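A closer look at the structure
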Amino acid sequence: MENILTMPLSDMPGLTFDCACGQRHSFPVKHLSIRSGAVDDLPAMAEPFRSGTIVVVFDSNTYPVAGEKAVARLKDAGFAVKELLFNCGDDILLPDEKTLGRILMEVDKDTTLIVAVGSGVLNDSVKFVTSRCHLPYIIVATAPSMDGYVSDGAPIICEGYKYSPQAHLTYGLVGDTDALQTAPQELVAAGYGDVVGKITALADWDLAKKVVGEHYCETSVQLVQKALDKCFAEAAGLPRRKPEALEALMEALTITGVAMALLNISRPASGAEHMISHHWEMAYIARGLNPIHHGIQVGVATVLIARFFEELSDVLPAGVAALCPSHEEIENLLRLGGAPVSPVEIGIDRELFHRSMLESYTVRPRYSVMRFAMEQGRLEAIADKLTTEYYG
Ligand SMILES: [Zn+2]
Ligand SMILES: [Zn+2]
């Protein structure tokens, strides 16, 4: 068997192997293409679906960036193409009843494939609709903004409530670095923050293995760690949109998705830092506010979770603390890639901050360093200390 740790991303689709962790892992996505000019690979990816109509979905921002090219490449290759434009103007497109319904209305009886051209919202919306219609979808990514391109969950909004039902994995991912280079800086910073969050996600997983005996996969950990190292080595190029930096970021986001798919669980990508982010996001939605970008929140929350590991270093099982760098090192990493570092900087108020420090471990049943703090009787003291540090 070829080793997944040494193979290029483009070789991973379709992989199945017996892992040293005792599980048989497989990665059912069919195509991954991340490079300059990757949109040219779209017709070859879509070839099995030539017998019917292909619906291509984009919005007024993503059409000039990659939608126009995607449609042209498919039409030039002789495919029957139907286009759906979300003309959202200055409004933010939401993955809600209206957007999901609008996509469904373009599905004809002979539709064989939907291509989404966009980032978070279009990806999630098309992912959800196609999963329910039993149609494959391909995502043409326009921003390296989050790790949901290769994940089977689809965060959507129903009657104002955001939740993440299981959908399905994409058939193929096109990450054209020419398009990614035009992504707004805040989306690049968000994707980078999501990647930084993997540091504490992996430390949390080690803690869960040692405290509650959770299943642990060293191969997946190394796979993610390798992608993180490459992304951090290039991070200084992100604010300048250096193509190598954007490619390393997109690869790290994608490889995280591969690790999640191998394990069939988001554990390699999501720990307590994600629980804090979800807590803040739900509070914003409850207040009728637009949430801050997921990855921006995750990056800031990673600093906070590093503080938890520091505060608990006297009681952590052996070897756990060493997996989490100091909070200053994480702040420096975030700044290097142009991402915010503090809850005050992103507008989290004192009351919400304190409440989130106490409650986030309950957001999901997954074991984390915050639950460990609670079990040690230290949660309130840490919450109070961090709140005073940031808010006085
Ligand atoms: Zn995330
Ligand atoms: Zn494994």
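Residues numbered from 1 in each chain as written. Chains lettered and ligands numbered in written order. Predicted model: local features only at pLDDT ≥ 70, side-chain atom pairs only at ≥ 80, totals over all residues.

**A closer look at the overall build of the protein**
A count of helices and strands for the protein gives 15 helices and 10 strands. Taken over the C-alpha trace, the protein has a radius of gyration of 21 Å; the compact-globule value for 392 residues is 21 Å, and the two agree within 12%. In terms of its C-alpha atoms, the protein occupies a principal-axis envelope of roughly 65 × 50 × 40 Å. The buried share of the protein, reckoned over its 392 residues, is 50%. Considering only contacts in the protein between residues 6 or more positions apart, those separated by 24 or more positions represent 76%. (Helix = DSSP H or I, 4+ residues; strand = E, 2+ residues; numbered from the N terminus. Rg over C-alpha atoms; globule rule 2.2 N^0.38 Å. Buried ≥ 20, exposed ≤ 12 C-beta atoms within 10 Å, placed from the backbone. Contact = placed C-beta atoms within 7 Å.)

**What about the sheet that holds strand β7 (residues 137–141)?**
Pairing in this open sheet of 6 strands is parallel, and the strands run β3-β10-β7-β6-β4-β5 from one edge to the other. The outermost strands of the open sheet, each flanked by one partner alone, are β3 (31–35) and β5 (80–86). Here the strands of the sheet are splayed against their neighbours by 15 degrees on average, with no regard to which way each runs. The strands touched by helix α9 (residues 243–263) within the sheet are β3 and β10 (172–176), with β3 carrying the most contacts at an inclination of about 160 degrees. (Pairing = 2+ DSSP bridges. Axes fitted to C-alpha atoms, helices over the stretch in contact; angles between N-to-C directions.)

**Observations concerning the nonpolar core**
Counting 124 residues, the largest nonpolar core has V57, V115, I138, V140 and L249 as its most contacted members. If you count residues domain by domain, this core takes at least three from each of domain 1 (11–180) and domain 2 (185–391). Each residue touching V57, except ones within four places of it in the same chain, is listed here: L84, I103, I114, V115, A116, V117, L122 and V126. (Core = buried A, V, L, I, M, F, W, Y, C linked by C-beta atoms within 7 Å. Domains from an automatic or database assignment.)

**Concerning the environment of H279**
Tracing the backbone through its elements, the reader meets H279 in helix α10 (residues 272–286). Judged by local crowding, H279 falls into the buried class, with 22 C-beta atoms found within 10 Å. C-alpha of H279 to C-alpha of R241: the two residues are 38 residues apart in sequence and 31 Å apart in space. The contact partners of H279, leaving out residues within four places of it in the chain, are S356, E359, S360 and V363.

**Topic: the domain arrangement of the protein**
For the protein, the assigned domains read domain 1 (11–180) and domain 2 (185–391). Each of domain 1 and domain 2 has a C-alpha centre, and the two are 26 Å apart. Contact with domain 1, which involves 28 residues of that partner, is made by 29 residues of domain 2. Elements that contribute at least two residues to the side of domain 1 that touches domain 2 include exactly β3, β10 and α5 (177–180). Grouping the constituent residues of the side of domain 1 that touches domain 2 by class yields 17 nonpolar, 9 polar and 2 charged. (Nonpolar A, V, L, I, M, F, W, Y, C, P; charged D, E, K, R; others polar.)

**Considering the pairing of strand β6 (residues 111–118)**
Taking burial as the measure, the 8 residues of β6 include 6 buried ones, the bulk of the element. Summarising the sheet, β6 and β7 pair through 5 bridges and their orientation is parallel. Across the sheet, the residue bridging to V117 is V140, located in β7. Following the chain from β6 across helix α4 (residues 120–133) to the adjacent parallel β7, one finds a crossover that is right-handed. (Right-handed = clockwise from strand over helix to strand, strands pointing away.)

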